[in-house]
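# What the coordinates show
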Amino acid sequence: MARQPYATPEALAAWLGTPAPPDADRLIARAGEDIDSALLTAIYAVDDDGDPADSTIAAALGSAVCAQVEFWLAAGDDGTGASGKWDSVSIGPVSLSGRAASTAGASGVELAPRAVRALRRAGLTPGEVQQW
């Protein structure tokens, strides 16, 4: 598994087009964990440090992390996945309604659509056929 992080607060700020949030390092680390979980069976060359040997793969991982953080920020999430699961919640007497559909893939991780596209373009998502 590649070494974390795949992105920096500076790269995130460039991706967002705004200054990175104060907790950017934490969000980047959590997003990287999600990307790693989604790619548990991905095969790509790494260097001695465990980083992707191919710059295209490294760039895709960085883009996927930034897209994941962007998705969380837009959804008002903090990277825990606790946000946006219910349309309304009441306490006393308890009432939950409008459960949002989860888009978690086979890895059990809900990835941002732009993150999935970045990984797919780099050939990292499941279902890719590679020559040996």
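Residues numbered from 1 in each chain as written. Predicted model: local features only at pLDDT ≥ 70, side-chain atom pairs only at ≥ 80, totals over all residues. Heavy atoms only, no water.

## Things to note about the overall build of the protein
Each helix and strand counted, the protein has four helices and two strands in total. The N-to-C order of helical and strand elements in the protein reads α-α-α-β-β-α. Sequence-distant contacts, at least 24 apart, represent 64% of the contacts inside the protein between residues at least 6 apart. In the structure as shown, the protein presents an accessible area of about 8,100 Å², 54% of it carried by carbon and sulfur atoms. (Helix = DSSP H or I, 4+ residues; strand = E, 2+ residues; numbered from the N terminus. Contact = heavy atoms within 4.5 Å. Areas by Shrake-Rupley, 256 points an atom, 1.4 Å probe, with all protein chains shown as cover.)

## A word on helix H2 (residues 24–38)
The end-to-end C-alpha distance of H2, which contains 15 residues, comes to 21 Å, matching closely the 21 Å that a straight helix rising 1.5 Å per residue would cover. When H2 is considered as a whole, its buried residues turn out to be Ala-24, Leu-27, Ile-28, Ala-31, Gly-32, Asp-34, Ile-35, Asp-36 and Ala-38. (Expected span 1.5 Å × (residues − 1). Buried < 20%, exposed > 50% of the residue type's maximum accessible area, 1.4 Å probe, protein only.)

## Some words on the packing of helix H3 (residues 55–75) against helix H4 (residues 113–121)
H4 packs onto H3 with a crossing angle of 170° between their chain directions and a minimal axis gap of 7 Å. In terms of their interaxial angle, H3 and H4 are classed as roughly antiparallel. Two secondary-structure elements touch here, H3 through Ala-60, Leu-61, Ser-63, Ala-64, Ala-67, Gln-68, Glu-70 and Phe-71 and H4 through Pro-113, Arg-114, Ala-115, Ala-118 and Leu-119. By residue class, the composition of the contact of H3 with H4 is nine nonpolar, two polar and two charged. (Axes fitted to C-alpha atoms, helices over the stretch in contact; angles between N-to-C directions. Parallel < 35°, antiparallel > 145°, perpendicular 65-115°, else oblique. Nonpolar A, V, L, I, M, F, W, Y, C, P; charged D, E, K, R; others polar.)

## A few points about the confidence of the model for the protein
Here the protein averages 82 in pLDDT, and 72% of its residues register 70 or above. Here strand E1 (residues 86–90) is the element of the protein with the lowest mean pLDDT, 56, and helix H1 (residues 9–16) is the one with the highest, 97. (pLDDT = per-residue confidence, 0-100.)

## Here we look at the pattern of salt bridges
Within the structure shown, the criterion is met by two salt bridges. Notably, a salt bridge pairs Arg-26 with Asp-23, separated by 2.5 Å at the nearest N-O pair. The partner of Arg-114 in a salt bridge is Glu-70, with the nearest N and O atoms 3.2 Å apart. With Arg-114 in helix H4 and Glu-70 in helix H3, this residue pair connects regions lying 44 residues apart in the sequence. (Salt bridge = Lys/Arg side-chain N within 4 Å of Asp/Glu carboxyl O.)

## A word on the packing of H1 against H3
One way to put it is that H1 packs onto H3 with a least axis distance of 10 Å and a crossing angle of 65°. Crossing of H1 over H3 shows right-handed handedness. Residues Ala-11, Leu-12, Trp-15 and Leu-16 of H1 form the contact with H3, whose participating residues are Ser-63, Cys-66, Ala-67, Val-69, Glu-70 and Leu-73. Tallied by class, residues from the contact of H1 with H3 come to eight nonpolar, one polar and one charged. (Left-handed = near helix turned anticlockwise from the far one by under 90°.)

## Re the environment of Pro-5
Note on placement: Pro-5 falls in the segment before H1. With a relative accessible area of 54%, Pro-5 lands in the exposed category. Sequence spacing of Pro-5 and Arg-30 is 25 residues, and the spatial spacing of their C-alpha atoms is 9.3 Å.

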